[in-house]
Amino acid sequence: MDLSGRNHGQCVTGVSVVSLLLTSTLIAGMSTQQLWFRGMKNNATAGTFGPGNMRESLLLTAQGNRIEDTVEWKLCTKKAQKGRNAGECNELNLANKGLEGTIPSAIARIKNLQLLDLSGNKLQGPIPPTIGEDPRFRHLQILKLNDNQLTGNIPSSFGMLTNCHTLILAGNKLSGEVPLGFQANNGIRADIQKLDLSGNQLTGPIPAAIGHFDNLKVLNLSNNMFSVGFNLHAHLAQLDNLRVCDVSGNQFHPPADCQR
């Protein structure tokens, strides 16, 4: 039964619905993106849904187009408000949700987050520096902000994400130089295995410290406005674990590539 994209004010009775998916439908004055009903019988689409007219279960996901509107965000932040031991949320995966607006700085309050994936949305504005600054965010291992419309610089606080092994910021409108935080002795270089900054507007030299990312397996700096600034070949030769490398589409003079 497909009721997507229509307003339904009439009652539907005498039907057995095993599963019903309604997308962007107005039901009894409530607009929602997803409603998934299972095991419902002899119910009406107009009116109030409650325990009295459910046979098995009702899972309701009502989401707007901001990060703060998502159920996942509300659950994680609710845990964070309950206290020191309860505020843990290991993963926040909101990839390809059609989200708009900015990344809230309050995201750093989510304790012990290990994976943050906001890729494939329409997020704009700068990356909040609280990512990295707040000690509660230091457990982060995977950060994916790629394929959005983010602008501004890469926060220098990223250098404090010492447990991060995957950093993907590709496909945005980020500008400026890669921050010095990447070069700190106790910085992100300790564990980074995948670094993808491709498809931005980054300038300046490629940090020589990349040659000391001992665990780096994937490096993609293509399609930016980098200059070399150091002997790229010599530094890449030190990366024994490097398997994928792309530095094409930059402003190297003389031209440089990943050959070692």
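The structure reproduced in this document is the subject of the present report. Note that the coordinates shown come from a computational prediction; the quantities given were computed from them, not determined experimentally.

How each quantity is defined
Residues numbered from 1 in each chain as written. Predicted model: local features only at pLDDT ≥ 70, side-chain atom pairs only at ≥ 80, totals over all residues. Heavy atoms only, no water. Helix = DSSP H or I, 4+ residues; strand = E, 2+ residues; numbered from the N terminus. Buried < 20%, exposed > 50% of the residue type's maximum accessible area, 1.4 Å probe, protein only. Contact = heavy atoms within 4.5 Å. Polar contact = N/O pair within 3.5 Å; in protein donor to acceptor, adjacent residues only side chain to side chain. Disulfide = S-S within 2.5 Å. Pairing = 2+ DSSP bridges.

## Digging into the overall build of the protein
Piece 1. Each helix and strand counted, the protein has three helices and 16 strands in total.
Piece 2. Per-residue burial over the protein gives 41% buried out of 260 residues.
Piece 3. Of all intrachain contacts in the protein linking residues separated by at least 6 positions in sequence, the fraction that spans at least 24 positions is 58%.

## A few points about the side chain of Ser 157
Piece 1. Summarising the element assignment, Ser 157 is placed in the loop between strand S9 (149–152) and strand S10 (166–168).
Piece 2. For Ser 157, a relative accessible area of 2% corresponds to the buried category.
Piece 3. Polar side-chain contacts of Ser 157 include one of 2.8 Å to the backbone oxygen of Pro 129.
Piece 4. The contact partners of Ser 157, leaving out residues within four places of it in the chain, are Pro 129, Ile 131, Gly 132 and Glu 133.

## Section: the state of the cysteines
Piece 1. Going through the model one piece at a time under the given rule, you end up with two disulfides.
Piece 2. Here Cys 76 pairs with Cys 89 through a disulfide, and the sulfurs are 1.9 Å apart. Residue Cys 76 is found in helix H1 (residues 71–80), and its partner Cys 89 is found in the loop between H1 and strand S5 (91–93); the two are separated by 13 residues along the sequence. In this pair, the class of Cys 76 matches that of Cys 89, namely buried.
Piece 3. Across a sulfur-sulfur distance of 2.0 Å, Cys 245 and Cys 258 are joined as a disulfide pair. Where Cys 245 bonds to Cys 258 through sulfur, the torsion about that S-S bond is close to -60°, and the disulfide is left-handed. Here Cys 258 lies in the segment after strand S16 (244–246) and Cys 245 lies in strand S16, a separation of 13 residues in the sequence.

## Thoughts on the sheet that holds strand S13 (residues 201–205)
Piece 1. The five strands lie next to each other as S7-S9-S11-S13-S15, forming an open sheet whose pairing is parallel. The two strands at the open ends of the sheet, each matched to only one other strand, are strand S7 (124–125) and strand S15 (225–227).
Piece 2. Inspection of the sheet shows strand S11 (residues 173–176) paired to S13 by two bridges, in the parallel sense. Each bridged residue has a counterpart across the sheet, and for Ser 175 the counterpart in S13 is Gln 201.

## Some details on the pairing of S13
Piece 1. As judged from the three bridges shared by S13 and S15, these two strands associate in the parallel manner. Residue Thr 203 lies in a different strand from S15, and its bridge partner there is Met 225.

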